[in-house]
Amino acid sequence: MARADKATAVAELKNEFEGSAAAVLTEYRGLTVAQLKELRTSLGENAKFAVAKNTLTKIAADEAGLAGLGSLLTGPTAIAFVNGDVVEAAKGLRDFAKANPLLVIKGGVLDGKTLDATEITKLADLESREVILAKLAGAMKAKQSAAAAMFAALPTNMAQLADALRAKREEAGE
């Protein structure tokens, strides 16, 4: 690879690191081209999966301010640059790795913090953003319904109390 090509590759990798929400580093040794194509398809629009040279990746990561990735750059490395939902991409990689044990998740970076393989797996175990938002909305609606019921009960209870007091006075007066 000529020096100009290397500089271009480093610039592209740096832009990918800076422009993505997360990056997951994997080892793809032993996977066929068809399996890599299947992985790229399964990640969909959420992530871009690219094979990269370790030396160029290390330089690009350092330039992007991600110095912690150097220790993960051993063996053949492919990087999933995540632009969409990080949890969905992590789930896609985890599920593909379960079906194809030759894909090894090494670690990655999320919001500038270096993650190891177990943290990526924990991230994949989270529910998607949509599910969490739906649960939050449901909880907020339940709290509002409970508050509305309590506020509606106050006048009703007051009316019942006043009626009971009136009935007691009439009883005492007779």
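The rules behind the values
Residues numbered from 1 in each chain as written. Predicted model: local features only at pLDDT ≥ 70, side-chain atom pairs only at ≥ 80, totals over all residues. Heavy atoms only, no water. Salt bridge = Lys/Arg side-chain N within 4 Å of Asp/Glu carboxyl O. Helix = DSSP H or I, 4+ residues; strand = E, 2+ residues; numbered from the N terminus. Buried < 20%, exposed > 50% of the residue type's maximum accessible area, 1.4 Å probe, protein only. Core = buried A, V, L, I, M, F, W, Y, C linked by side-chain atoms within 4.5 Å. Phe/Tyr/Trp six-rings, centres within 6.5 Å; stacked < 30°, edge-to-face > 60°.

J.: How should I be thinking about the pattern of salt bridges in this particular structure?
T.: A side chain with one charge can pair with a side chain of the opposite charge if their charged atoms come near. Going through the model one piece at a time under the given rule, you end up with 8 salt bridges. The shortest N-O distance in the salt bridge between K14 and E18 comes to 3.9 Å. Placement of the pair is K14 and E18 together in helix α1 (residues 3-19), with a separation of 4 residues, close to one helical turn. Using a relative accessible area of 25% as the deciding quantity, one classes K14 as partly exposed. Since its relative accessible area comes to 46%, E18 is described here as partly exposed. In this structure, D95 and R94 form a salt bridge, with 3.2 Å as the shortest nitrogen-oxygen distance. Bridged by salt links that share partners, the residues D163, R166 and E170 form one connected network.

J.: When you look at the nonpolar core in this model, what are you seeing that I'm missing?
T.: Proteins that are soluble and globular tend to have nonpolar side chains buried together. L39, L43, F49, L93 and L103 are the most contacted members of the largest nonpolar core, which totals 25 residues. Mapped onto this core, the elements with two or more residues apiece are β1 (22-27), α2 (33-43), β2 (47-52), β3 (77-82), α4 (86-99) and α5 (117-125). In terms of residues, this core owes the most to one element, α4, which gives 7 residues. Counting residues in each nonpolar core, the second largest holds 17 residues, with A9, A61, L72 and V109 among its members.

J.: Just checking my understanding: could you explain the packing of aromatic side chains for this structure?
T.: Each pair of aromatic rings is reported with the distance of its centres and the angle of its planes. Throughout the structure, instances matching the rule amount to 1 aromatic pair. Ring geometry for F17 and F81: centres 5.2 Å apart, planes at 80°, overall edge-to-face. With a gap of 64 residues between them, F17 in helix α1 and F81 in strand β3 connect regions that are remote in the sequence. In this structure, F17 and F81 share a single accessibility class: buried.

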